[in-house]
Amino acid sequence: MLPGELLVFFLVRLDAAGSAVVVPPPRFLEGLRAALDLLGFHGLQREEDRLDELLPWAGSV
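About the criteria used
- Residues numbered from 1 in each chain as written.
- Predicted model: local features only at pLDDT ≥ 70, side-chain atom pairs only at ≥ 80, totals over all residues.
- Heavy atoms only, no water.
- Helix = DSSP H or I, 4+ residues; strand = E, 2+ residues; numbered from the N terminus.
- Buried < 20%, exposed > 50% of the residue type's maximum accessible area, 1.4 Å probe, protein only.
- Contact = heavy atoms within 4.5 Å.
- Areas by Shrake-Rupley, 256 points an atom, 1.4 Å probe, with all protein chains shown as cover.
- Phe/Tyr/Trp six-rings, centres within 6.5 Å; stacked < 30°, edge-to-face > 60°.
- Core = buried A, V, L, I, M, F, W, Y, C linked by side-chain atoms within 4.5 Å.
- Pairing = 2+ DSSP bridges.

### Looking at the overall build of the protein
Argument step 1. Secondary structure assignment for the protein yields two helices and two strands.
Argument step 2. When the elements of the protein are put in sequence order from the N terminus, they spell out β-β-α-α.
Argument step 3. Burial status across the protein gives 11% buried among its 61 residues.
Argument step 4. Considering only contacts within the protein whose residues lie at least 6 apart along the sequence, 18% involve residues at least 24 apart.
Argument step 5. When the accessible surface of the protein is summed, it comes to about 5,500 Å², and 61% of that surface belongs to carbon and sulfur atoms.

Dropping the structure here:
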C-alpha cells in the first residue's frame, strides 16, 4: 500500500479466521467475487459423521 494509491478492501471473517482481499477500484467486481468465494468455504469445514453412525449395519457385514 502506497500513499495516494486507491484500493478496495474486502474483509472476510469465517468463525475465528479472517482474510482480506485487496483490489484496485477498476477490479471491484473481481474482488467481490473472490470475497464471496471465500465465504463459500464456511460450509465445507465441518466435522463429518463417523461411518458407523451413517451406516449402523456396516459393522455386522
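So, next bit.
### A closer look at the packing of aromatic side chains
Argument step 1. By the definition in use, this model includes one aromatic pair.
Argument step 2. On the numbers, 5.4 Å between centres and 45 degrees between planes, the contact of Phe 10 with Phe 28 is tilted. Of the two residues, Phe 10 is situated in strand E1 (residues 8–14) and Phe 28 in helix H1 (residues 28–39); the sequence distance between them amounts to 18 residues.
Argument step 3. The exposure class assigned to Phe 10 is buried, which follows from its relative accessible area of 13%.

### Some remarks on the environment of Phe 28
Argument step 1. Of the residues examined, Phe 28 reaches a relative accessible area of 39% and is grouped as partly exposed.
Argument step 2. Between the alpha carbons of Phe 28 and Leu 7 there is a distance of 9.2 Å; along the sequence they are 21 residues apart.
Argument step 3. Setting aside chain neighbours within four positions, we find Phe 28 in contact with Val 8, Phe 10 and Val 23.

### Focus on the nonpolar core
Argument step 1. By size, the foremost hydrophobic cluster in this structure holds six residues: Val 8, Phe 10, Val 12, Val 21, Val 23 and Ala 35.
Argument step 2. Counting residues per element, the ones that place at least two in this core are E1 and strand E2 (17–23).
Argument step 3. Ranked by residues supplied to this core, first place goes to E1 with three residues.
Argument step 4. Among residues more than four places away in sequence, those in contact with Ala 35 are Phe 10, Val 12 and Val 21.

### Thoughts on the pairing of E1
Argument step 1. Pairing of E1 with E2 involves seven bridges; the strand directions are antiparallel. Looking across to E2, one finds that Val 12 is bridged to Ser 19.
Argument step 2. Between E1 and E2, which pair antiparallel one after the other, the connecting turn spans two residues, and Asp 15 there sits at a positive phi close to 55 degrees.

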